[in-house]
Amino acid sequence: MTRTGADIRIRHVGVTYPNGFTALRDVSLDIPAGQMVGIVGLSGAGKSTLVRTINGLVPITSGTITLGDHELRPAGQRQMASRELRQLRSSVGMVFQSFNLVKRTSVLNNVMMGRLYHNPAWRVLLAAWSKDDVELAMQALERVEIVSKAYEKAASLSGGQQQRVAIARTLTQQPRVILADEPVASLDPPTSHVVMRDLQRICSDLGITVLVNLHFLDLARRYCERLVGLRAGEVIFDGPVADASESVFEEIYGRSLSAEDVLDSGVRL
Amino acid sequence: MIPVDGSGQRPTARPSRPDHRLRTGIVIVLVMAITVWSARGIDVDPAAILANWPNAVGNLVQLFQPDYSFFPQTLPALVETLQMAVIATAVGSALSLPLAFGASRAANPNLTVLRVVRFVMNLVRSVPDILYAAILVAIVGVGALAGILALVLFNIGIIVKLVSEALDGQDLGAQEAALAAGGSWFGANRMSLLPQILPSFASQVLYTFELNIRASTVIGLVGAGGLGLLIDNVRNYFLYHYLSLIIVEILVLVVLLEGFSSWLRKKLL
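Residues numbered from 1 in each chain as written. Chains lettered and ligands numbered in written order. Predicted model: local features only at pLDDT ≥ 70, side-chain atom pairs only at ≥ 80, totals over all residues.

The name recorded for chain B in an unreviewed UniProt entry is Phosphonate transport system permease protein, from Propionibacterium cyclohexanicum. Taken from UniProt, the Subcellular location (unreviewed entry) comment for chain B reads in full: "Cell membrane". Per UniProt, the comment on chain B under Sequence similarities (unreviewed entry) is "Belongs to the binding-protein-dependent transport system permease family." (UniProt positions renumbered as here; feature names shortened; annotations may be inferred.)

As recorded in an unreviewed UniProt entry, chain A goes by Phosphonate transport system ATP-binding protein and comes from Propionibacterium cyclohexanicum.

J.: Could you clarify how one ought to interpret the overall build of chain B in this entry?
T.: For chain B, the helix and strand inventory stands at 11 helices and 0 strands. Beginning at the N terminus, the succession of helices and strands in chain B can be written as α-α-α-α-α-α-α-α-α-α-α. Its C-alpha radius of gyration of 27 Å places chain B more than 25% over the 18 Å reference for a compact globule of 269 residues. Seen along its three principal axes, the alpha-carbon backbone of chain B occupies a region of about 85 × 60 × 35 Å. Burial status across chain B gives 35% buried among its 269 residues. In chain B, of all internal contacts separated by at least 6 residues, the share reaching a separation of at least 24 is 72%. (Helix = DSSP H or I, 4+ residues; strand = E, 2+ residues; numbered from the N terminus. Rg over C-alpha atoms; globule rule 2.2 N^0.38 Å. Buried ≥ 20, exposed ≤ 12 C-beta atoms within 10 Å, placed from the backbone. Contact = placed C-beta atoms within 7 Å.)

J.: Explain the overall build of chain A here, please?
T.: Helix and strand counts for chain A come out as 9 helices and 10 strands. Referenced to the eigenvectors of the C-alpha coordinate spread, the extents of chain A come out at roughly 55 × 50 × 35 Å. Burial statistics for chain A: of 269 residues in total, 46% are counted as buried. Long-range contacts, defined as pairs at least 24 residues apart, comprise 68% of the intrachain contacts of chain A with a sequence gap of at least 6.

J.: How do you make sense of the UniProt feature "transmembrane region" (unreviewed entry) in chain B when you look at a structure like this?
T.: Residue and element names in this part refer to chain B. Following the UniProt record, the feature "transmembrane region" (unreviewed entry) maps to residues 21-39, 130-154, 211-231 and 237-257 here. Secondary structure content for residues 21-39 is 100% helix and 0% strand, and the end C-alpha separation is 27 Å. Taken end to end, residues 130-154 is 88% helix and 0% strand, and its first and last C-alpha atoms sit 9 Å apart.

J.: I'm lost on the interface of chain A and chain B in this one. Help?
T.: Interface size, as often reported, equals the accessible area lost upon joining of the parts. Listed as interface residues are 22 residues of chain A and, on the opposing side, 17 residues of chain B. Secondary-structure elements contributing two or more residues to the side of chain A that touches chain B are α2 (82-90) and α4 (121-126) of chain A. Considering every element that reaches the side of chain A that touches chain B, the biggest residue donor is α2(A), with 4 residues.

J.: So what exactly am I meant to see when it comes to the environment of Ala146(B) here?
T.: Structurally, the position occupied by Ala146(B) is in helix α7 (residues 144-168). Beyond its immediate chain neighbours, meaning those up to four positions away, Ala146(B) contacts Ala133(B), Leu136(B), Val137(B), Val140(B), Gly141(B), Ala224(B) and Gly225(B).

J.: Would you take a moment to explain unusual backbone geometry for this structure?
T.: Glycine aside, the phi torsion of most residues is negative, and most peptide linkages are trans. Residues and elements named next belong to chain A. Phi at Asn100 takes a positive value of approximately 55°, unusual for a residue other than glycine. Tracing the sequence through the fold places Asn100 in the loop between β6 (92-95) and α3 (107-112). The backbone phi angle of Glu145 is positive, close to 55°, even though this residue is not glycine. Its location among the elements puts Glu145 in the loop between α5 (131-143) and α6 (159-172). With 13 C-beta atoms packed within 10 Å, Glu145 lands in the partly exposed category.

J.: Please clarify how the UniProt feature "domain: ABC transmembrane type-1" (unreviewed entry) in chain B should be interpreted in this entry.
T.: Feature annotation in UniProt places "domain: ABC transmembrane type-1" (unreviewed entry) on residues 78-258 of chain B, given in this structure's numbering. The span residues 78-258 of chain B is 83% helical and 0% strand by assignment, and the distance between its end C-alpha atoms comes to 17 Å.

See below:
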């Protein structure tokens, strides 16, 4: 599971959805391999759209995104041959707000999804995974300290445990980048810290580039090296966490800060 | 106007009750007109029941006195009916599963294939089972094979419809996660949607098995094997004591199997 992260270069990216809503305008970011970047902003600011463009879940309408050797272009003709897109996605793990597990099946089966790209159709159909792939999955579960639940149904796990299974699923991909879209928004405060620490450790131990959308400012400050502030689809702040003062946050949020913007009440920014 | 609740705000005006009386009246008159027209068209004469009464009483008396000594001779046909239903259910559901994914908007991203599969399935479903049996008897000859083929077509029509609707109703989060991990649509559907719909698929299979027991008796009337073929024979010779036994057998079989399958379905869901 030792693999270095990938650089991400986002150049003048714009996204306009088919219904005419423009979610991103002229976004440019350079994210070096192994960095942990927090993306903050109000809901509707384009955080989710931004991370989803990086693995092609949302096609961009202008600009380019380079991730390692892959380049994503606007979907005018076709953004990328589907085989190459799958290859790119296999190197990018994604963590979702609502965990997105198959609740009816075992934790291990869920984690094996991370090996989909690397297995032929017959193995997928029969769920006949190779020993090496199962080993990868078990190691990933060990890393998030949940391997004892490997054969339990995903539905029987708590929210925090489910999110850690989802993180193990991405680790099983042996990813170079992990995208986390509001990974703690459905969790209680103590569990949120556990999940954020997992992501931070993955970034520092494995050198995987991590992009995480966050709603809570204190979490962003505590766990990320760098912050990107989005407002109405535009980057209005990009810099080290230390430079993100209260006035910067007020600009990102377009209003003065309140207790609702931090996870742990009483924490001062 | 005086504010009612003392909040200083005028209460919102209540909407007036919409008037549907004319529309309801037209619908009632139309439905009645169609019914009267239908009855006149086929020359319904309730007096026929009375005219045929003496004859009917004789037959009814025989029908209420099943001849149990006939039982050993019905056994082969009874077993054949069961076997037809089992084979048709097995083959029909095996063919239905991939087709259901093809007919589901959630599982099949290819619109052309989706439309073709749905169109063909609508055709398959629009033909009644007894018509399939009649046609197939003409093609493959009198016997169980025609019956089995007819039931298979009948089963595909039902299962594909119900399972593809179940697929469309699923939460697509896990599928999105599988696609984001680099899985193909096939791989993503196999890993995420299949485990989710398996219980409802199994329940539909049991339900069609029940239908098959009943249907296999009816399609036998046109020569497609099983108890139906036997019914046709004894009826032609007016052996109502025998017919009555066969009806009792079907009744017992259907009640037992329905009880068993509804018990099993409850355990599944």
